Amino acid sequence: MARLSLLPRDRTFFDLFIEAGANALHSARLLDEMMGSWPDDGGLARDILKSEQEGDRITHDIVRRLNSTFVTPIDREDIYGLATQMDDIVDYVEEAADFLGLYKIEAPMEQAQALTKVLVKSCEQLAVALEHLPGFKDLDRYWIEIHRLENEGDRVSRDAVASLFSNGIDPMVVIRWKDIFAVLENAIDATETAAQILEGIVIKNS
């Protein structure tokens with residue numbers, strides 16, 4: 001009963017997490033579009049940077065509110081951990097976009113496009129899960145699907161790295177693409193970590 005009486009007191013954390021989920025999904029979709037159209041950027045790198053800055057703003061708002069709120073609707077460490085993971089997703093997206101230009105990538109590899117599509121699907125699941133977080137129930141479908149997508153991302157990433165070493169590709173190109181694949185995998189991993197935090201929150205509040 002104590003938890004239920006506290007929930008109406010401050011929904012701002014939930015609202016901010018919904019914002020974070022929408023922003024992560026927006027940035028993932030921008031990166032997917034960028035990976036499909038590269039090297040024709042079309043201003044997408046700038047849009048992704050704006051999304052990353054918006055993510056920083058949301059995270060800052062969450063942490064500032066956390067530091068000034070005595071009673072929180074969910075555990076403080078879960079709020080901070082979830083905020084950190086949501087921020088990481090967008091940071092990795094921005095890093096991957098940055099690498100395309102920094103490394104002067106001439107054309108995207110098919111596996112990179114596959115990974116950005118996995119990331120978009122995972123962010124879609126996470127965004128919807130965050131919208132349903134205040135109810136603390138019926139979220140299992142989302143983290144189960146995110147876990148499945150993370151496994152799919154691992155498989156694509158392994159195949160991608162293997163292909164780099166089997167086609168006689170220039171060693172410098174191999175290094176550059178290994179970096180990009182690693183960052184994309186990190187972004188997908190961050191969605192799964194966020195989902196695991198959500199699972200813990202639901203268990204604690206059920």
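Note that residues are indexed from 1 along each chain, following the sequence as it is written. In keeping with the predicted nature of the model, local features appear solely for residues at pLDDT of at least 70, side-chain atom pairs appear and are counted solely at 80 or more, and the whole-chain, interface and lining totals rest on all residues. Note: side-chain values were computed over all heavy atoms of the structure, leaving out hydrogens and water.

1. Things to note about the environment of I62
Basically, it comes down to this: By definition, any uninterrupted DSSP run of H or I lasting at least four residues is a helix, any uninterrupted run of E lasting at least two residues is a strand, and each is numbered from the N terminus. Each residue gets one of three labels from its accessible area relative to the maximum for its type: buried under 20%, exposed over 50%, partly exposed in between, using a 1.4 Å probe on protein chains only.
Residue placement: I62 occurs in helix α3 (residues 44-68). Residue classification places I62 among the buried residues on the basis of a relative accessible area of 1%.

2. What about the packing of helix α2 (residues 12-37) against α3?
Stated formally: Every axis in this analysis is a line fitted to C-alpha atoms, fitted for helices over the stretch in contact. Angles between the N-to-C directions lie between 0 and 180 degrees. Working rule for angles: under 35 degrees goes down as roughly parallel, over 145 as roughly antiparallel, 65 to 115 as roughly perpendicular, anything else as oblique. Throughout, a crossing is termed right-handed when the near helix is turned clockwise from the far one, and left-handed when it is turned anticlockwise from it by less than a right angle. For this scheme, ten residues count as nonpolar: Ala, Val, Leu, Ile, Met, Phe, Trp, Tyr, Cys and Pro. Four count as charged, namely Asp, Glu, Lys and Arg, and the remainder, Gly too, count as polar.
It is the contact of α2 with α3, at a shortest axis distance of 9 Å, that shows an interaxial angle of 165°. Taken together, the axes of α2 and α3 are roughly antiparallel relative to one another. When the axes of α2 and α3 are compared, the crossing they make is left-handed. Of the residues assigned to the contact of α2 with α3, the class counts are 13 nonpolar, 7 polar and 7 charged.

3. Brief notes about the confidence of the model for the protein
To keep it simple, the criterion reads: By definition, pLDDT measures how confident the predictor is in each residue, and it falls between 0 and 100. In this description, contact between two residues means that some pair of their heavy atoms is separated by no more than 4.5 Å.
Put simply, the protein has an average pLDDT of 92, and 95% of its residues get 70 or more. Note on residues 1-8: pLDDT under 50 across the span, and 7 contacts to partners over four residues away in sequence or across chains.

4. Digging into the pattern of salt bridges
The condition is simple: The term salt bridge refers to a pairing of a side-chain nitrogen on Lys or Arg with a carboxyl oxygen on Asp or Glu at a separation within 4 Å.
According to the stated counting rule, one finds 12 salt bridges in the structure shown. Here K204 and D75 are joined by a salt bridge, their closest N and O atoms 3.2 Å apart. Of this pair, K204 sits in helix α7 (residues 171-205) while D75 sits in the loop between α3 and α4 (76-102); the two residues are 129 residues apart in sequence, bridging distant segments of the chain. Look at K204 and you get partly exposed, because its relative accessible area is 45%. Look at the salt bridges and you will find they share partners, linking E19, E54, R57, D61 and R64 into a network.

5. Some words on unusual backbone geometry
Residue P39 is reached from W38 by a cis peptide bond, and omega for that bond is 10°. Within the secondary structure layout, P39 lies in the loop between α2 and α3. Positive phi, close to 55°, is recorded for K104, a residue that is not glycine. Looking at where K104 falls in the secondary structure, it is placed in the loop between α4 and α5 (110-132). Residue D138 is not a glycine yet carries a positive backbone phi of 60°. Given a relative accessible area of 48%, D138 falls into the partly exposed group.

6. Some details on α3
Definition in use: Under the convention used throughout, the expected extent of a helix is 1.5 Å for every residue step, that is, one less than its residue count.
Compared with an ideal rise of 1.5 Å per residue, which puts 25 residues at 36 Å, α3 spans 36 Å between its outermost C-alpha atoms and is within 8% of the ideal. Among all positions in α3, only L44, I48, S51, E52, G55, I58, T59, D61, I62 and L66 are buried. Check the buried side of α3 and you find it contacts α2 and α4.

7. Describing the side chain of S163
With respect to the helices and strands, the residue S163 is situated in helix α6 (residues 140-164). In this structure S163 touches M109, Q111 and I169, once residues within four positions along its chain are discounted.

8. Focus: the packing of α4 against α7
It is the contact of α4 with α7, at a shortest axis distance of 9 Å, that shows an interaxial angle of 165°. One finds that α4 runs roughly antiparallel with respect to α7. Crossing of α4 against α7: the hand is left-handed.

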